[in-house]
Amino acid sequence: MLGLPDVSIWLAYVLSIGGAVLCVIYGIVHWNKD
Amino acid sequence: MIYIIVSLSLYAVIMAVLSFIGYRKTKSTSDYLLAGREIHPIIMAVSYGATFISTSAIVGFGGAAGQFGMGLLWLTVLNILVGVLIAFIVFGKKTREIGHKLGTNTMPELLSQRFDSRFMQGYAGLLIFLFMPIYASAVLKGIVDYVAKYTGANFDVILIVLSVLSAVFVIMGGLKGIMFADAFNGAIMFAGMAFLIIYTYSLLGGVNEAHEALTRLPDMSGVKEQTDGLVKGGFSGWTSMPKMGTPVWWNIVSTLVAGVGIGVLAQPQLSVKFMTVKSGRELNRAVLSGGIFILFMTGVAFTVGALSNVSFYNETGEIAIKAAGANDAIIPSFIKMFLPDWFGGIFLVVLMAAGISTLNALVHSMGTALGRDFLKQSLKLKTNTVKLTRIAMGIGLVISAILTWLSGKLDVSMAIIAIGTSLFYGLCAATFLPTYIAALFIKKFPKKAALASMISGSAISLFWLFFVQEKTAGSLQICKMLFGTTSIVKGTALNTFSMVDAIVIALPLSVITGMIAWAIIGNVRESEPAGVLNSAG
């Protein structure tokens, strides 16, 4: 669990990175869409 | 010292060159106000991020994470999901589309053209011009404080030099110069923060090991005595959330949800960036780099701030806040003690870049708010827009510099930087957000309801900021002069309200006022001029 025993902190850590990854995926999928 | 002088000189030269290129490429009013509406999506995303993230976001909030722990990462989650994904995809596309359709150059202009109200543009422009200097002075103070601490130079001298540099960059280069400089500033910020997180994790033996060491820290010898005060406030370790409902919990959650999380959607200096790209496709592409950029700014600052406790404890036996002496000193002290010497000079430039990029955008917005929105469009002055905007930028910057100088004389224990930032974010959210949403998405929303929401939102939040919310009313001093107290509800049955952020009260009331006015007035009829957007809104 990334060394983070508290679920709410683990979730914040994962969602921060996950949110940035989501932005990358959105950008790639919609690269040529308007 | 040699590292600092070399890095700062190089930085100043490159900034001057970029501003000059912006000046040479600026041919029209639209170039000066909107960078010609043809900015590359990556430059737009980095410029948005560099404007959003100021020195205080890195040093101030990073220091807060050093004190309160990794719970602040929820702010990074909000920054990415609301500040990038929702802002770009939901608000950005519609703002760009309507802005292009109506040919608007600023956020107040977009609102006033959409609702066909010259008064609205003047009112919004004047409000931005009057209160943005408080935010700008907080940003400016963040840079000056840090440079003064790091180089030992005089506060007033640095303030004057930085203000003059910013004036030259912005007044000469317009938005084109600013956005070129932002891309450069953003690249420096990204590289500096990426190095910082990699170095910090490797210093502590890896990601898992670093987090585990931080989790164990509250049980180490001598730590309990140091965290006594924090634990009474609800603190329960740097890798767990504080106890719900305690002062520390409220501090984190209200800062999160109230100030920065929602306020970001209605910032005039940020929403103008959406109008600088030529189609919705560019905004899709901008999302790609926007999310990563914000992760590497606030995500890194919060993680390093919290992890610094382990390094400080291993080296000195003290936790970060005790070893550094103050909240704002945690990140600078950590860099000075644990990172290579050469990185100190680089990090100073990273913080300069963060502050200057935000300051430039604010000076540009203050200039367009007074010059374009109030004087040119609302009062119909004959002078041309660029000239009026340049004069207004100069005035806005001088006011901000004077406020910064005054705040340097105030009691240092007041978190003036964080207060100045959240004050402006809250005021903008209550004043503009309901009308901005209506302008973009509710075709039938009437002009008078929009005006009612804007005026009530600004009046209620100003009353709350100046007289009720102790954090702001105390440092703005007007309540004390009139009533001899730091908050008019202090010591009364309503004492709890003195801790509540203005946005929590003013934004819902602004929405309710707009809805009641809409119910009374009814929908816009097709024949009325306010239906200017029947095809687009």
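Just so you know, these numbers come straight off a predicted model, no measurement behind them.

### Description of helix α5 (residues 73-102) of chain B
So, step 1. The largest bend in α5(B) comes to about 55°, at B:Ala87.
So, step 2. Of the residues flanking the end of α5(B), it is B:Gly103, one or two places downstream, whose phi is positive at about 65°.

### Some words on the packing of aromatic side chains
Residue and element names in this part refer to chain B.
So, step 1. Going through the model one piece at a time under the given rule, you end up with 26 aromatic pairs over all chains.
So, step 2. Aromatic side chains Phe91 and Phe441 sit 6.1 Å apart centroid to centroid with 85° between the ring planes, which places their arrangement in the edge-to-face category. One end of the pair, Phe91, is in helix α5; the other, Phe441, is in helix α18 (residues 416-441), with 350 residues separating them in the sequence.
So, step 3. A relative accessible area of 7% means that Phe91 is categorised as buried.
So, step 4. A residue is classified by how much of its surface remains accessible, and Phe441, at 36% relative accessible area, is partly exposed.
So, step 5. Pairing Phe312 with Phe334 gives two aromatic rings, centres 6.3 Å apart and planes at 70°, and the pair type is edge-to-face.

### Here's the deal with the nonpolar core
Residue and element names in this part refer to chain B.
So, step 1. The biggest cluster of nonpolar side chains holds 184 residues, and the ones touching the most others in it are Met44, Leu196 and Phe347.
So, step 2. Considering each element in turn, this core owes the most residues, 19 residues, to helix α8 (residues 155-203).
So, step 3. When we break this core down by domain, the ones giving at least three residues each are domain 1 (2-409) and domain 2 (424-537).
So, step 4. If we skip the residues at most four places from it in the chain, Met44 touches Ile39, Phe88, Met179, Lys273, Phe274, Thr276, Val277, Leu283 and Ala286.

### Looking at empty space enclosed by the protein
All names here are of chain B.
So, step 1. The tally for this structure, following the rule as stated, stands at 3 cavities of 30 Å³ or more.
So, step 2. Roughly 80 Å³ of internal volume is contained in the second largest cavity.
So, step 3. What lines the second largest cavity is Asn105, Thr106, Met107, Pro108, Ile128, Pro268, Val272, His364, Ser365, Thr368, Ala369 and Asp373.
So, step 4. Breaking the lining of the second largest cavity down by element, the ones donating at least two residues are α6 (107-115), α12 (268-274) and α16 (341-378).
So, step 5. With 5 residues, α16 is the largest single contributor of residues to the lining of the second largest cavity.
So, step 6. Residues belonging to the lining of the second largest cavity are distributed by class as follows: 6 nonpolar, 5 polar and 1 charged.

### Observations regarding the domain arrangement of chain B
Residue and element names in this part refer to chain B.
So, step 1. Taken domain by domain, chain B comprises domain 1 (2-409) and domain 2 (424-537).
So, step 2. The centre of domain 1, based on its C-alpha atoms, is set 25 Å off from the matching centre of domain 2.
So, step 3. Each partner contributes residues to the interface: domain 1 has 38 residues there, and domain 2 has 37 residues.
So, step 4. Note on domain 1 versus domain 2: buried area summed over both sides is about 3300 Å², and carbon and sulfur give 78% of it.
So, step 5. The interface formed by domain 1 and domain 2 contains 0 salt bridges.
So, step 6. Taken together, domain 1 and domain 2 are joined by 6 residue pairs in polar contact (both at pLDDT 80 or more).
So, step 7. Contributions of two or more residues to the side of domain 1 that touches domain 2 are made by α5, α6, α7 (118-151), α11 (247-263) and α12.
So, step 8. It is α7 that contributes the most residues to the side of domain 1 that touches domain 2, 9 residues altogether.
So, step 9. Split into classes, the residues belonging to the side of domain 1 that touches domain 2 amount to 26 nonpolar, 8 polar and 4 charged.

### A word on the environment of B:Arg118
Residue and element names in this part refer to chain B.
So, step 1. Considering the arrangement of structural elements, one finds Arg118 in helix α7.
So, step 2. Between the alpha carbons of Arg118 and Asp328 there is a distance of 43 Å; along the sequence they are 210 residues apart.
So, step 3. Once you skip the residues sitting within four places of it in the chain, Arg118 turns out to touch Gln377, Ser378 and Lys380.

### Section: unusual backbone geometry
Phi is mostly negative for residues that are not glycine, and the peptide bonds are mostly trans.
Residue and element names in this part refer to chain B.
So, step 1. Despite not being glycine, Ala35 has its phi angle at roughly 55°, a positive value.
So, step 2. Owing to a relative accessible area of 3%, Ala35 belongs among the buried residues under this scheme.
So, step 3. Of note, the phi angle at Asp116 is positive, near 55°, even though the residue is not glycine.
So, step 4. Using a relative accessible area of 40% as the deciding quantity, one classes Asp116 as partly exposed.

### Side note on the interface of chain A and chain B
So, step 1. At the junction of the two partners, chain A supplies 26 residues and chain B supplies 31 residues.
So, step 2. Taken together, both faces of the contact between chain A and chain B bury some 2500 Å²; the carbon and sulfur share is 71%.
So, step 3. Here chain A is connected to chain B by 0 salt bridges.
So, step 4. Counting across the interface, chain A meets chain B through 10 residue pairs in polar contact (both at pLDDT 80 or more).
So, step 5. When the residues that make up the side of chain A that touches chain B are grouped by side-chain class, the tally is 16 nonpolar, 7 polar and 3 charged.

### Brief notes about the packing of α8(B) against helix α17 (residues 385-409) of chain B
All names here are of chain B.
So, step 1. Following both chains from N to C, one finds α8 and α17 inclined at 160°, their axes separated by 10 Å at the closest point. In terms of orientation, α8 and α17 fall into the roughly antiparallel class. The handedness of the crossing between α8 and α17 is right-handed. The residues of α17 that touch α8, namely those facing Phe155, Asp156, Leu159, Ser163, Ser166, Ala167, Val170, Ile171 and Met172, are Arg390, Met393, Gly394, Leu397, Ala401, Thr404, Trp405, Gly408 and Lys409.

### Thoughts on the side chain of B:Ser461
Residue and element names in this part refer to chain B.
So, step 1. Mapped onto the elements, Ser461 comes out in helix α19 (residues 447-468).
So, step 2. Taking relative accessible area as the criterion, Ser461 reaches 0% and is therefore assigned buried.
So, step 3. Apart from the residues lying within four places of it in its own chain, the contact partners of Ser461 are Leu427, Ala430, Ala502 and Ala506.

### Concerning the pattern of salt bridges
Residues and elements named next belong to chain B.
So, step 1. For the coordinates displayed, the defined rule picks out 7 salt bridges over all chains.
So, step 2. In this structure, Glu97 and Lys94 form a salt bridge, with 3.7 Å as the shortest nitrogen-oxygen distance. With a gap of 3 residues between them, Glu97 and Lys94 both fall in helix α5, about one helical turn apart.
So, step 3. Between Arg281 and Glu282 there is a salt bridge; the shortest N-O distance is 3.7 Å.
So, step 4. What you see here is one network of salt bridges that share partners, running through Lys94, Glu97 and Lys101.

So, how was this worked out
- Residues numbered from 1 in each chain as written.
- Chains lettered and ligands numbered in written order.
- Predicted model: local features only at pLDDT ≥ 70, side-chain atom pairs only at ≥ 80, totals over all residues.
- Heavy atoms only, no water.
- Bend = angle between axes of the 7 residues up to and from the residue.
- Helix = DSSP H or I, 4+ residues; strand = E, 2+ residues; numbered from the N terminus.
- Phe/Tyr/Trp six-rings, centres within 6.5 Å; stacked < 30°, edge-to-face > 60°.
- Buried < 20%, exposed > 50% of the residue type's maximum accessible area, 1.4 Å probe, protein only.
- Core = buried A, V, L, I, M, F, W, Y, C linked by side-chain atoms within 4.5 Å.
- Domains from an automatic or database assignment.
- Contact = heavy atoms within 4.5 Å.
- 1 Å grid on protein atoms, 1.4 Å probe; cavity = no way out; pocket = protein on both sides within 12 Å on 5 of 7 lines; lining within 4 Å.
- Points joined across faces, edges and corners; volume = space filled by probe spheres on them.
- Nonpolar A, V, L, I, M, F, W, Y, C, P; charged D, E, K, R; others polar.
- Buried area = accessible area lost by both parts, 1.4 Å probe.
- Salt bridge = Lys/Arg side-chain N within 4 Å of Asp/Glu carboxyl O.
- Polar contact = N/O pair within 3.5 Å; in protein donor to acceptor, adjacent residues only side chain to side chain.
- Axes fitted to C-alpha atoms, helices over the stretch in contact; angles between N-to-C directions.
- Parallel < 35°, antiparallel > 145°, perpendicular 65-115°, else oblique.
- Left-handed = near helix turned anticlockwise from the far one by under 90°.

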